[in-house]
Amino acid sequence: MNKIIKGDQVIVITGKDKGKQGQIVRVLGDKVVVQGVNLVKRHQKPNPMRGIEGGIVVKEMPLAISNVAIFNPETKKADRVGIKLVEGEGKVKRVRVFKSNGAEVPVNRGA
């Protein structure tokens, strides 16, 4: 089980965007793309077959997963994530919890 997954609310803890918050859009191995963070301008060639216009586009680039921390809404701070085993219905389930207060990490599946 990954400690940071798509849909999590994170805060950037280092780099040029330090302090910015956003939601995880994609997880790419050891990198993550965060909505509205690490924006760059790129020149893009037009591709009429795909319907892509040319010009300068602003897009989100990946950040190293070590440069973001999950945001704890109760403490309003960055937090670490741990894994806890919970028994229920005769099965053992792994659940992500905040290290600071032991509360379960909310799951945003709609993202």
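Residues numbered from 1 in each chain as written. Predicted model: local features only at pLDDT ≥ 70, side-chain atom pairs only at ≥ 80, totals over all residues. Heavy atoms only, no water.

- As named in an unreviewed UniProt entry, the chain is Large ribosomal subunit protein uL24, taken from Kingella denitrificans ATCC 33394.
- Checking UniProt for the chain, the heading Subunit (unreviewed entry) contains the comment "Part of the 50S ribosomal subunit." (UniProt positions renumbered as here; feature names shortened; annotations may be inferred.)

**Notes on the nonpolar core**
The tendency in soluble globular proteins is for nonpolar side chains to be buried as a group.
Logical step 1: Listed in full, the 9 residues of the largest apolar core are Ile 4, Val 10, Val 12, Ile 24, Val 32, Val 34, Val 37, Leu 63 and Val 68.
Logical step 2: Broken down by secondary-structure element, the contributors of at least two residues to this core are strand 1 (9-12) and strand 3 (31-34).
Logical step 3: Membership of the second largest hydrophobic core comes to 5 residues, among which are Val 81, Phe 98, Ala 103 and Val 105. (Core = buried A, V, L, I, M, F, W, Y, C linked by side-chain atoms within 4.5 Å. Buried < 20%, exposed > 50% of the residue type's maximum accessible area, 1.4 Å probe, protein only. Helix = DSSP H or I, 4+ residues; strand = E, 2+ residues; numbered from the N terminus.)

**Some details on the pairing of strand 10 (residues 91-98)**
Logical step 1: Alignment of strand 9 (residues 81-88) against strand 10, held across 8 bridges, turns out to be antiparallel. Bridge assignment links Gly 82 to a residue of strand 10, and that residue is Val 97.
Logical step 2: Connecting strand 9 to the antiparallel partner strand 10 that follows it, the hairpin turn spans 2 residues, and Glu 89 within it adopts a positive phi of roughly 60 degrees. (Pairing = 2+ DSSP bridges.)

**Thoughts on the side chain of Arg 96**
Logical step 1: Relative to the assigned elements, Arg 96 resides in strand 10.
Logical step 2: Assessed through its relative accessible area of 5%, Arg 96 is described here as buried.

**Re the side chain of Asp 17**
Logical step 1: Relative to the elements of secondary structure, Asp 17 occurs in the loop between strand 1 and strand 2 (21-28).
Logical step 2: Within the structure, Asp 17 has its side chain in polar contact with the backbone nitrogen of Asn 38 (distance 2.7 Å).
Logical step 3: Discounting chain neighbours no more than four positions away, the residues touching Asp 17 are Val 12, Val 37 and Asn 38. (Polar contact = N/O pair within 3.5 Å; in protein donor to acceptor, adjacent residues only side chain to side chain. Contact = heavy atoms within 4.5 Å.)

**Regarding the pattern of salt bridges**
Two side chains bearing opposite charge may form a pair once their charged atoms approach each other closely.
Logical step 1: Counting across every chain of the model gives 2 salt bridges.
Logical step 2: Asp 8 serves as the salt-bridge partner of Arg 96, at 2.7 Å between the closest nitrogen and oxygen. Note that Arg 96 is positioned in strand 10 and Asp 8 in the segment before strand 1, a separation of 88 residues in sequence.
Logical step 3: Judged by its relative accessible area of 2%, Asp 8 is buried.
Logical step 4: Taking the shortest distance from any N to any O, the salt bridge between Lys 20 and Asp 17 comes out at 3.2 Å.
Logical step 5: By relative accessible area, which is 8% here, Asp 17 ends up buried. (Salt bridge = Lys/Arg side-chain N within 4 Å of Asp/Glu carboxyl O.)

**What about the sheet that holds strand 8 (residues 77-79)?**
Logical step 1: Pairing in this open sheet of 6 strands is antiparallel, and the strands run 6-3-2-1-7-8 from one edge to the other. In this open sheet, the two strands that pair with only one neighbour each are strand 6 (63-64) and strand 8.
Logical step 2: Two strands pair when backbone bridges link them, and strand 2 and strand 3 are joined in this way by 4 bridges, in the antiparallel orientation. Bridged to Ile 24 within strand 3 is Val 34.

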